[in-house]
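# Report on the structure
Below are the chains, spelled out letter by letter.
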Amino acid sequence: MPHPNDPSLRSFIDVDPASDFPIQNLPYGVFSTASNPTPRVGVAIGNYVLDLWELEQESRLDVGPLGVFSGPSLNPFMALGPKVWTNTRARISELLRADHPELRDNEELRKQALVPMRDVRLHLPFVVSGYTDFYSSKEHATNVGVMFRGKDNALQPNWLHMPIAYNGRASTVVVSGTRVKRPRGQLKPPNAELPSFAPCKRLDFELEMGVVIGQPSPMGGMLTESQAEEMIFGFVLLNDWSARDIQQWEYVPLGPFLAKAFATSISPWVVTREALEPFRLNGPEQQPVPLDYLKQTKPQNYDVALDVSLRAAGTNAPASISRTNFKYMYWSSVQQLMHHASSGCAMNVGDLLGSGTISGPEKNQRGSLLEISWNGTEPVELPGGAKRSFLEDGDSLVMRGWCQGNGYRVGFGEVEGTIVAAE
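Analysis parameters
- Residues numbered from 1 in each chain as written.
- Predicted model: local features only at pLDDT ≥ 70, side-chain atom pairs only at ≥ 80, totals over all residues.
- Heavy atoms only, no water.
- UniProt positions renumbered as here; feature names shortened; annotations may be inferred.
- Helix = DSSP H or I, 4+ residues; strand = E, 2+ residues; numbered from the N terminus.
- Rg over C-alpha atoms; globule rule 2.2 N^0.38 Å.
- Buried < 20%, exposed > 50% of the residue type's maximum accessible area, 1.4 Å probe, protein only.
- Contact = heavy atoms within 4.5 Å.
- Areas by Shrake-Rupley, 256 points an atom, 1.4 Å probe, with all protein chains shown as cover.
- Lys, Arg positive; Asp, Glu negative; His and termini not counted.
- Charge placed at Lys NZ, Arg CZ, Asp CG, Glu CD.
- Expected span 1.5 Å × (residues − 1).
- 1 Å grid on protein atoms, 1.4 Å probe; cavity = no way out; pocket = protein on both sides within 12 Å on 5 of 7 lines; lining within 4 Å.
- Points joined across faces, edges and corners; volume = space filled by probe spheres on them.
- Nonpolar A, V, L, I, M, F, W, Y, C, P; charged D, E, K, R; others polar.
- Pairing = 2+ DSSP bridges.

Per an unreviewed UniProt entry, the protein is named fumarylacetoacetase, and its organism is Bradyrhizobium yuanmingense. Comment text from UniProt for the protein, heading Pathway (unreviewed entry), reads "Amino-acid degradation; L-phenylalanine degradation; acetoacetate and fumarate from L-phenylalanine: step 6/6."

Rendered as structure tokens:
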């Protein structure tokens, strides 16, 4: 049987070469329809969603206990482990192949199992057990350090020795399309004697990838490179919304808190680690050489092109404000996971690890407005004459990501969020 990543594979469903969802991708999500409002698990293929619960009921897909795909999250499926993930993806690929008649020639089953994308509502794809946000782009960390500490002290002494992170809030991780209310908090500008409580005035985005953990690790243990890799089910696009002015006042001495706790948006489709396999590459050279528990023996970065577009409130024309790539990350997702568990921290099915803001070496590759506007000193010019240093009410931000193959692309769809005023 052909491998699901084979570039020559074609589906009996017509898929545009520019689509994010060819047969080589097969990302998982949770969806519902007006005719069947019960959320269940599906796979994106072209402009359709393949209803896995329908296939399971028809005995066309057997992953073990009946009903794994009937619920509102991917967690029960992820808990079954990497062998089941691999076998299931191979079986779905087989069912969708142009040369395989089982689904192609069964008109009744096709009508039941293939739902037009335009008719579905997409939900948060998994129950987020815990959320950790890393700080692993050297370019981003350097830019922020230069802004606030100067060139000679841009990176903190620990940054090149371990992945830096903080524990975020799983309770406010939301799916793409969820409106984001402007957060309130304590603000203290440099010229103010005392803080005040008011809506954030310096609201920002952070372009990130999210790692979805599909297997647990025991409390008190550690992870090898191969163990950490096998625990990763897949990846999503992630926007870690940030209130820069709230953060500036609150972060000393313990780091981010409320400035990062009000909303984190993720894309509705989880692209599997297996689908990204052809796009692996080495990350930047790490100097000094990491300690033994963080060393990698093979490429663990991915060539994922990323784009951010901003539509200013009251306008219809979005403008691209950043184009970068996941490959620039200094610390890989596997290293982040190995470090996370190294103290004995238990990991759970459904844990979400944010990569940290992804910035590249060029000015047009910066992954936040803080960097793009250089802390407000260089406002971004948008179509219609609008300018932005930070986000205003009514602004809409869209992030997209994809890996470009030979004649196809493995994409993530998009993650969108619109800012609404604080009450």
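### Re the overall build of the protein
Broken down by element type, the protein carries 10 helices and 26 strands. For the protein, the C-alpha radius of gyration of 22 Å lies close to 22 Å, the compact-globule estimate for 423 residues. C-alpha extents for the protein along the principal axes are approximately 70 × 55 × 35 Å. For the protein, the proportion of its 423 residues judged to be buried stands at 55%. At a minimum sequence separation of 6, the contacts of the protein that also span at least 24 residues come to 72%. Counting only carbon and sulfur atoms, one obtains 51% of the accessible surface of the protein, whose full area is about 18100 Å². Across the protein, the 38 positively charged side chains and the 46 negatively charged ones have centroids separated by 4 Å.

### Focus on helix H3 (residues 82-96)
The end-to-end C-alpha distance of H3 is 21 Å, a good match for the 21 Å that 15 residues give at a rise of 1.5 Å each. Among all positions of H3, only Trp85, Thr88, Arg89, Ala90, Ile92, Ser93, Glu94, Leu95 and Leu96 are buried.

### Points about the layout of surface pockets
As a volume, the largest pocket reaches approximately 960 Å³. For the largest pocket, the lining is made up of 33 residues, of which Tyr135, Val144, Gln247, Tyr251 and Pro256 are closest to its centre. Looking at the lining of the largest pocket, the elements that each hand over two or more residues are strand E6 (131-134), helix H6 (138-149), strand E7 (165-167) and helix H8 (244-250). With five residues, H6 is the single largest residue contributor to the lining of the largest pocket. When grouped by side-chain class, the residues that make up the lining of the largest pocket number 17 nonpolar, nine polar and seven charged.

### Notes on empty space enclosed by the protein
Enumeration according to the criterion identifies two cavities of 30 Å³ or more in this entry. As a volume, the largest cavity reaches approximately 50 Å³. Gln300, Asn301, Phe326, Met329, Trp331, Ser332, Ser333, Gln336 and Ser355 together form the lining of the largest cavity. In this structure, the second largest cavity encloses a volume near 40 Å³. Partitioning the lining of the second largest cavity into residue classes produces three nonpolar, one polar and two charged.

### Digging into the UniProt feature "domain: Fumarylacetoacetase-like C-terminal" (unreviewed entry) in the protein
Mapped onto this numbering, the UniProt entry annotates "domain: Fumarylacetoacetase-like C-terminal" (unreviewed entry) at residues 131-419. Each end of residues 131-419 is marked by a C-alpha atom, and these two atoms are 22 Å apart; helix forms 14% of the span and strand 31%.

### A word on the environment of Asp14
Checked against the element boundaries, Asp14 lands in the segment before strand E1 (28-33). On a C-alpha basis, the gap between Asp14 and Asn47 in space is 8.6 Å, while along the polypeptide they are 33 residues apart.

### Section: the sheet that holds strand E20 (residues 305-311)
Taken together, five strands build an open sheet; the order of strands is E9-E26-E25-E20-E21 and the sheet is mixed. Looking at the sheet topology across the chains shown, the edges are occupied by strand E9 (180-181) and strand E21 (319-325). Two elements, E20 and E21, share six bridges in a ladder whose sense is antiparallel. Paired with Ala305 across the bridge in E21 is Asn325.

### A closer look at the environment of Pro284
Its location among the elements puts Pro284 in the loop between strand E18 (280-281) and strand E19 (301-302). According to the relative accessible area criterion, Pro284 is partly exposed, its value standing at 34%. Between the C-alpha atoms of Pro284 and Trp331, which are 47 residues apart in sequence, the distance is 8.6 Å. Look past the residues within four positions of Pro284 in its chain and what remains in contact with it is Asn301, Lys327, Tyr328, Met329 and Tyr330.

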